[in-house]
Amino acid sequence: MQTRILTILEEVLDREEILQDESMKLHTSFHIGGKADYFVSPSCEEKVRTLILRLKEEGIPYLVMGNGSNLLVRDKGIRGVVVRIGQNLSSYSIEGEEVYAEAGLLLSGLSKHILAESLEGFEFASGIPGTVGGAMTMNAGAYGGEMKDIVKAVRVLDSNGEIREIPGEDMKFGYRRSRVIEDGLVVLGTRFLLKKGSYEQIRSKIEDFTHRRNTKQPVADYSAGSTFKRPEGHFAGKLIDDAGLRGIRHKDAQVSQLHCGFVINKAEASCEDVLELIRFVKKTVYDRFNVELEEEVKIVGEE
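Predicted model, so just to flag it, every value in this text is computed and none were measured.

Visitor: Please provide a residue-by-residue account of the sheet that holds strand 16 (residues 253-255), values included.
Guide: Read across the open sheet, the three strands follow the order 15-16-17; overall the sheet is antiparallel. Each edge of the open sheet carries a strand with a single partner, namely strand 15 (249-250) and strand 17 (263-265). Note: strand 15 against strand 16, two bridges, orientation antiparallel. Within strand 16, the residue paired with R249 across the bridge is Q254. In this fold helix 8 (residues 271-289) packs onto strand 15, strand 16 and strand 17, with an angle of close to 30° to the strand it touches most, strand 16.

Visitor: Give a detailed account of the environment of S159, specifying residues and quantitative values.
Guide: Here S159 lies in the loop between strand 11 (151-157) and strand 12 (163-167). A relative accessible area of 41% means that S159 is categorised as partly exposed. With 25 residues separating them in the primary sequence, S159 and G184 have C-alpha atoms 5.6 Å apart. Residue contacts for S159: discarding those within four places in its chain leaves K56, D183 and G184.

Visitor: Quick one: what's the story with the UniProt feature "active site" (unreviewed entry) in the protein, residue by residue and with numbers?
Guide: On the UniProt side, "active site" (unreviewed entry) is annotated at positions that read R176, S226 and E296 here. For the residues just named, distributed over 121 residues, the greatest C-alpha separation is only 11.3 Å, placing them together at one site. Here S226 shows up in the loop between helix 6 (199-216) and helix 7 (236-242). Filtering out sequence-adjacent residues up to four positions away, S226 remains in contact with G261, F262, E296 and V297. Locating E296 in the fold gives a position in the loop between helix 8 and strand 18 (298-300). On the basis of relative accessibility, which here comes to 14%, the residue E296 falls in the buried class.

Cut-off values and rules
Residues numbered from 1 in each chain as written. Predicted model: local features only at pLDDT ≥ 70, side-chain atom pairs only at ≥ 80, totals over all residues. Heavy atoms only, no water. Pairing = 2+ DSSP bridges. Helix = DSSP H or I, 4+ residues; strand = E, 2+ residues; numbered from the N terminus. Contact = heavy atoms within 4.5 Å. Axes fitted to C-alpha atoms, helices over the stretch in contact; angles between N-to-C directions. Buried < 20%, exposed > 50% of the residue type's maximum accessible area, 1.4 Å probe, protein only. UniProt positions renumbered as here; feature names shortened; annotations may be inferred.

See below:
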């Protein structure tokens, strides 16, 4: 099986784009996870398309990822192929009030380019630690803004292997969801529609959001961002705090002292350590408040 996979990968990719038995700790913000059989970084859209079509044809499992900022990888790792759409696909262009960015570009980097053009509307995303592709998948949002507010169209590879653009209004954006997962789409890029504004006002807004994030969230710790989705009518962090779980720890997995909505890796936590803590938090909150928490972090890998 491994030899067959490698043969297929080498038909499509250059050798330097292929890593074998690669630790996922190196590619996730949680710094957790076992090895992926193969970890590849295609350098262009056509390679992404050709590779995924070949993997599908051969029935080889694959996972498409971006910056790994919302992933918790199981300790046994990932079988098959991890296809990373990252810095190899991170170009951008700005024409007037329209911005096009490839899926691998970090939101933080794109935010700087947009600020330089005095375009407003993207400020909320400046500190989100993910890529454009991940932001489309999850309809990323913060401080009252969401991707659905500024997306004109999303360039995707669809389940039939065709590359096409889907208008923003047809992306079925909702709270931390879009049609990317349900339709089996691979995001290749996004067209944003912003508007001209005041450079100083935009910069001030970004600085305010950055300060709020840095003082209220555990940005210096290993995590995958908010661990739980916001339950309707509640805030996950407040429920966890009110349940007396601030700072509770299971081995090296801990509910953050700074923001209870984050489970963090203090040093060498395993995936199972984090999952055990998540299960305990969910049960405690449900027993106390009859509210069921749902994970926002995406859990992947071999069980």
